[in-house]
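Examination of the molecular architecture
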Amino acid sequence: MRAAQAPIFCFTCASDGQLQRDALTAAGCARIFEDKASGKNTNRPELTAVLDYARPGDTLCVWKLDRFARSLIGLVTMVDTLRERGIGFKVLTGALANIAPGTADGRLMLQVVGAMAEFERSLIKERTRAGLDAAKAQGRTGGRPSVVDEDVLTVARARKAKGESVSAIAKAHGISRATLYRHLGEAA
């Protein structure tokens, strides 16, 4: 039988993973579950693990609400499931840091903040799509700049015409065979 603990679930990302771990440790978290997946993803192995691990009387802490869920429906469903199982829920930073989601006031705030997070996410998606569409209309495309310019392509064509293998040409220019094949095919 395990001792009563406060299991913790936190999504980390490269920029603030240590910051989150430090905050969770300072909050007295006995165990930290980390997942690199976004809060919008439904397949999150560490979330499943912490939900399996948590027992009545435990408290599930998250560093920030958007690390736990991105949609209002997902947030409310997960918090309701935790409450039904007798598991507490606490947010360490952000809008719900000092709110108790188990109370009527806390539940209202949880829903309001969850709705705002979902709205913000929708706005970001719309602005990103509008920006990409505007760039496309101006003839620009996103993505990484090509590593094969006209000079490289001219040299590659000449070397290939002399019978040199595509593998050797690609290696000499520091590019992949697939990239070279793609550009040779586009030039043909």
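The paragraphs below set out a description of the structure included in this document. The structure presented is a predicted model; accordingly, all values stated were derived computationally and were not measured. (Residues numbered from 1 in each chain as written. Predicted model: local features only at pLDDT ≥ 70, side-chain atom pairs only at ≥ 80, totals over all residues. Heavy atoms only, no water.)

For the protein, the helix and strand inventory stands at seven helices and four strands. Starting at the N terminus and walking to the C terminus, you meet the elements of the protein as β-α-β-α-β-α-β-α-α-α-α. Here the protein holds 188 residues, and the buried ones make up 31% of them. Put simply, of all contacts in the protein between residues at least 6 apart along the chain, 64% involve residues at least 24 apart. As displayed, the protein has an accessible area near 11600 Å², and 55% of this comes from carbon and sulfur atoms. (Helix = DSSP H or I, 4+ residues; strand = E, 2+ residues; numbered from the N terminus. Buried < 20%, exposed > 50% of the residue type's maximum accessible area, 1.4 Å probe, protein only. Contact = heavy atoms within 4.5 Å. Areas by Shrake-Rupley, 256 points an atom, 1.4 Å probe, with all protein chains shown as cover.)

Attention now moves to the packing of helix α3 (residues 72–84) against helix α4 (residues 104–137). The angle between the axes and the distance between the axes are what describe a pair of packed helices. Interaxial distance between α3 and α4 falls to 8 Å at its minimum, and their mutual angle equals 150°. When the interaxial angle is binned, α3 and α4 end up roughly antiparallel. Read as a crossing pair, α3 and α4 show a hand that is right-handed. Across the interface between the two elements, L72, I73, L75, V76, V79, D80 and R83 of α3 pack against R107, L110, Q111, G114, A115 and E118 of α4. Grouping the amino acids of the contact of α3 with α4 by side-chain chemistry returns seven nonpolar, two polar and four charged. (Axes fitted to C-alpha atoms, helices over the stretch in contact; angles between N-to-C directions. Parallel < 35°, antiparallel > 145°, perpendicular 65-115°, else oblique. Left-handed = near helix turned anticlockwise from the far one by under 90°. Nonpolar A, V, L, I, M, F, W, Y, C, P; charged D, E, K, R; others polar.)

Further remarks concern the nonpolar core. The tendency in soluble globular proteins is for nonpolar side chains to be buried as a group. Formed by 19 residues in total, the largest nonpolar core has its most connected members in L60, L65, F68, L75 and F89. Contributions of two or more residues to this core are made by α2 (45–53), β3 (59–64), α3, β4 (88–93) and α4. The dominant element in this core, judged by the number of residues it contributes, is α3, at four residues. Beyond its immediate chain neighbours, meaning those up to four positions away, F89 contacts T59, L60, V62, L65, F68, V79, L82, P101 and L110. (Core = buried A, V, L, I, M, F, W, Y, C linked by side-chain atoms within 4.5 Å.)

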